[in-house]
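Chain and residue survey
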Amino acid sequence: MKNIFTFLFLISSICLYAQQTKTTEFDTTKIVSFVTNFDEPKMACKDGYAINGYIVNISYSQAKKINGKKIKITGLYNIVNGLENQPKEYDQNGNEIFMQGRLNDTKHIESPTIEIIDK
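Quantities reported herein were computed from a predicted structural model and do not represent experimental measurements.

Calculation notes
Residues numbered from 1 in each chain as written. Predicted model: local features only at pLDDT ≥ 70, side-chain atom pairs only at ≥ 80, totals over all residues. Heavy atoms only, no water. Salt bridge = Lys/Arg side-chain N within 4 Å of Asp/Glu carboxyl O. Buried < 20%, exposed > 50% of the residue type's maximum accessible area, 1.4 Å probe, protein only. Helix = DSSP H or I, 4+ residues; strand = E, 2+ residues; numbered from the N terminus. Phe/Tyr/Trp six-rings, centres within 6.5 Å; stacked < 30°, edge-to-face > 60°.

1. With respect to the pattern of salt bridges
- Taken as a whole and assessed by the stated rule, the structure comprises 2 salt bridges.
- Linking aspartate 39 and lysine 42 is a salt bridge whose minimum nitrogen-to-oxygen distance equals 4.0 Å.
- Among the residues examined, lysine 42 registers a relative accessible area of 73% and is labelled exposed.
- Residue glutamate 40 is joined to lysine 64 by a salt bridge in which the shortest nitrogen-to-oxygen separation is 3.5 Å. Note that glutamate 40 is positioned in helix 2 (residues 40–43) and lysine 64 in helix 3 (residues 60–66), a separation of 24 residues in sequence.

2. As for the packing of aromatic side chains
- Applying the stated criterion across every chain, the model contains 3 aromatic pairs.
- Note on phenylalanine 38 and tyrosine 49: the rings are 5.4 Å apart at their centroids and 65° apart in plane angle, and the pair reads as edge-to-face. Pair noted here: phenylalanine 38 is in the loop between strand 1 (25–37) and helix 2 and tyrosine 49 is in strand 3 (residues 48–51), with a separation of 11 residues, a long-range link.
- On the accessibility criterion, phenylalanine 38 (2% relative accessible area) is buried.
- Tyrosine 49 gets classed as buried once you look at its relative accessible area, which sits at 6%.
- Here tyrosine 54 and tyrosine 77 contribute two aromatic rings whose centre-to-centre distance is 5.5 Å and whose plane-to-plane angle is 65°, an arrangement assigned as edge-to-face. Placement of the pair is tyrosine 54 in strand 4 (residues 54–56) and tyrosine 77 in strand 5 (residues 70–80), with a sequence separation of 23 residues.
- Residue classification places tyrosine 54 among the buried positions, given a relative accessible area of 12%.

Encoded structure:
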């Protein structure tokens, strides 16, 4: 009897660790660095600032300070999956659930290092 309980405990613990979680981002941990002229009104978007194909997380107060200046941005980026790369989901009646978000994958720089080159 003890052996059966021990066996069941081992099997159940292995099955619990085998569960995969659904993630929406892949941590690529790549470093990127580029130089650009920062134009706050033109680069603003809902997630931060769209600069050279990246969504850069810059606070509004910091953006006002660097507006119109030539800057160098360095940081780690991660890729967030777009809706095109995710499987479609359906409700109980078989109707497709429409998701909100960006269609394509986006590259996000969450904690950038910003260096002012020209004033």
